[in-house]
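Breakdown of the fold
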Amino acid sequence: MANRRAAFAWAQNAKAKKAEKEPERLAERKPKNEASSLLGHYIQLEKGDDDLSSAPGPRSQEALLAIFKLIDADGGGSISKLELIGAVYRPLDEDRDGHALVASFVLQGHGLSTDLFQDSAGQISINEYSFDVVDDIFDSGPLSEPSRKDSMAGGGTRVKYADFSAYFRRVAAACLAAEKEEAKMREIFRLIDVDGDGSVSKLELVAAMQNSTRAGSYLLPNVNTRNVLENETSYDIVCGLFDQIASGRKRISFQDFRNYLTTRFADNFDRTPSVSSASPLSSCSPTSTSEHADRSTMKLMILAPGFGQNPQQASMLAQAGYQLLWFTDLPEYPDEGARLTYQTVAPFLAKIRDEIQRLKPTALLCASQGGAYLVGLWQLGYWKGPSVMLNAHPSLPMRLPSAAPIVLAHGSNDEVYLWRREDLEDLVCTASPNRCLLYYTSNSGYLASGSLTRLGDRHLMQSILSNDCLPRLIDAAVSSIGPELYMLQTWQSQLGEDRREAQHWLGYSLERLRRFWTSPGRRGRDEKLHSVPSNSEEYKKVATIFRSEPTEAPAYMLSSQASWERLPIYKIERVENGGQMEGSAIPYRDGVRASLKQQGVDFDPSIHSCWTFHGADHDALMSIVRDPVVGFQPLISGSRNSPVWGSGTYFARDAKYVADGQFCPRRSDGLRCMLLCLVTMGIPCLGDPQQKADECGGLE
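Rules behind the numbers
- Residues numbered from 1 in each chain as written.
- Predicted model: local features only at pLDDT ≥ 70, side-chain atom pairs only at ≥ 80, totals over all residues.
- Heavy atoms only, no water.
- Helix = DSSP H or I, 4+ residues; strand = E, 2+ residues; numbered from the N terminus.
- Contact = heavy atoms within 4.5 Å.
- Areas by Shrake-Rupley, 256 points an atom, 1.4 Å probe, with all protein chains shown as cover.
- Buried < 20%, exposed > 50% of the residue type's maximum accessible area, 1.4 Å probe, protein only.
- Arc of directions from axis to C-beta.
- Pairing = 2+ DSSP bridges.
- Phe/Tyr/Trp six-rings, centres within 6.5 Å; stacked < 30°, edge-to-face > 60°.
- Axes fitted to C-alpha atoms, helices over the stretch in contact; angles between N-to-C directions.
- Parallel < 35°, antiparallel > 145°, perpendicular 65-115°, else oblique.
- Left-handed = near helix turned anticlockwise from the far one by under 90°.

Along the backbone of the protein there are 28 helices and 14 strands. Taking contacts inside the protein between residues at least 6 apart in sequence as the whole, the part at least 24 apart equals 68%. Put simply, the protein shows about 32,100 Å² of open surface, and 52% of that area lies on carbon and sulfur atoms.

This part takes up helix α21 (residues 497-506). Within α21 the residues assigned to the buried category are Arg499, Ala502, Gln503 and Leu506. Along the long axis of α21, the arc covered by the buried residues comes to 100°, so they all point the same way. With respect to the buried face of α21, the exposed residues turned more than 90 degrees away are Glu497 and His504. Among the residues trailing α21, glycine 507 stands out with phi positive, at a value near 95°.

Consecutive side chains of a regular strand alternate in pointing toward one face of the sheet and then the other. Within strand β14 (residues 674-680), 5 of the 7 residues are buried, which leaves the element mostly enclosed by the surrounding structure. Bridge analysis of strand β13 (residues 609-615) against β14 gives 7 bridges, and the strand direction is antiparallel. In the strand pairing of β14, serine 609 is matched with threonine 680.

Further remarks concern the packing of aromatic side chains. Under the counting rule described, the total for this entry stands at 11 aromatic pairs. With a centroid separation of 5.2 Å and 65° between ring planes, the pair formed by phenylalanine 632 and phenylalanine 651 is classed as edge-to-face. Here the residue phenylalanine 632 occupies a position in the loop between α27 (618-626) and α28 (655-660), and phenylalanine 651 occupies one in the loop between α27 and α28, the gap between them amounting to 19 residues. With relative accessibility at 24%, the residue phenylalanine 632 sits in the partly exposed group.

This next bit is on the packing of helix α15 (residues 311-320) against helix α19 (residues 469-478). Between α15 and α19, whose axes approach to 9 Å, the crossing angle comes to 65°. By the angle between their directions, the pair α15 and α19 is classed as roughly perpendicular. Relative to α19, the crossing made by α15 is right-handed. Across the interface between the two elements, Gln313, Met316, Leu317 and Ala320 from α15 touch Cys469, Leu470, Pro471 and Ile474 from α19.

Set out below in structure tokens:
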């Protein structure tokens, strides 16, 4: 993603260089300067137009080929990742000019200035960030599962010149697109700056939004600004926009304008969830986060009304390490919390906006009646940054604000705010793609005994107080990869470190699992079960996954971990069924990948697949193992027992749950059997007793 995310910075570097040198002189420079000054501009100058779809001209080809040969240390006609890294960090005494050329081209070509990484001798020093950039540029990835679809190698281990040229040509195209976007920014700015003095006042912005459809649709595409001087809501939104850009100043310079809109521009290039950015209407950009996010750097503004009903929530946030910014100067309505309207909270919204601009929080959090204030902030455009709402408030609009990262948490047994699940799901669908998560808990179906295995949350949500759930929901809203994908990613954190390492060793690629197969030609056409030697690393990893204890106690009452670890493993057998893999598993995986792509999500096997356990009687397991095509048949599964989460095939995170729950009954010889499965799950959802689909059960 480096070529997309850094294109704007590259375009700015190019603009400065272009102003200093004539185009004719640029074409005559040595390859070193051609590389560092920008391939995209050189191609455009040579071609004389914006068409980058055909092959590059001879001069740009010559420059690229010169760089390629400098990287190709063994002269074999292709480059490896090690050769690329070595060329960037080559010692000066070996090749001063070549080192500077490659480093300048590779690093500046992805938004990094080599000045940031040079030591006193001019050598490019290796640091974590620059090394990761170079590594990602090449990014060979595991076999058929490349970690970056736009990488130079495209999943291979070596790169030929044609792929090298095509990759940096894509970077050049992104660079030129970035410059076009800045040209449009300048055009809109000149349209607003009617007196041409290089700065914009609030009056000029209001007038431009009133009189110019182009300016209004560019800056506030979802707001009718033609009546800004007659409609108080529109006027407040436009004034709020000015305040956010100006940051306390009376006038806006073009630099202020450009910096503000850079977020929107970056989002145009970030088509996958790997990288995303804040809405241009956010008062501050969200902080990128990961499973190990530094919560101490996050400023969490809490709208106090309604949040104090459960002191455990506040205590959990304090223990998580966030910087808590309590906004307490708001009235609470103990008898009317469920009926708060916009008119009730409107007098206090400007005060909240002022505090947001002063404190610049990373995210806003509210619960119960505090949701009415957050809805008001959304409606006026005062806040479109990361937001977490516990208890979906009745005043929620028909559409959620666009581009805003939002997490809604609600329980099916909420006795104060009554929502149907389908209505909340419809509401979440109105948000920007991959920017909203609905955390919804509901009752399971009934067991044969008439009892429930799970209860949905009431108004005081209890489920968010376990498994680090509430902090994870906040981290999800702030995450750069989107809240839903982040929550899937953090499921790994609930596993023991030993299990995570074992799963990583086995891998998440169906094709790679074949490296363990011992059937003739690894085709899996004859005998389907093959014994795994007890002294092999494969055996040890599978046994580790089988015995591993999760980081937090599971929701179900199970036997002790000590007794589980004493349970002997009789044998481990590997399933080698080529027909199932080629005729069912791989096509299904590829179908999920295509479906996710249509939703703007890149398939990540470590996130959208998981190692889980399935239990059944021995005969049923053998029918699954030996089926020549399908194996699991979810459409006819789940009929023997009560379908508490819908009809389908059930899997469990932990082997202990399968055994203790009696899902793998003993054979006549006293042995029990279960399957460890690599399941392609895509993006899961909460099951329902009436649902007919594959389910992942026992993942709590």
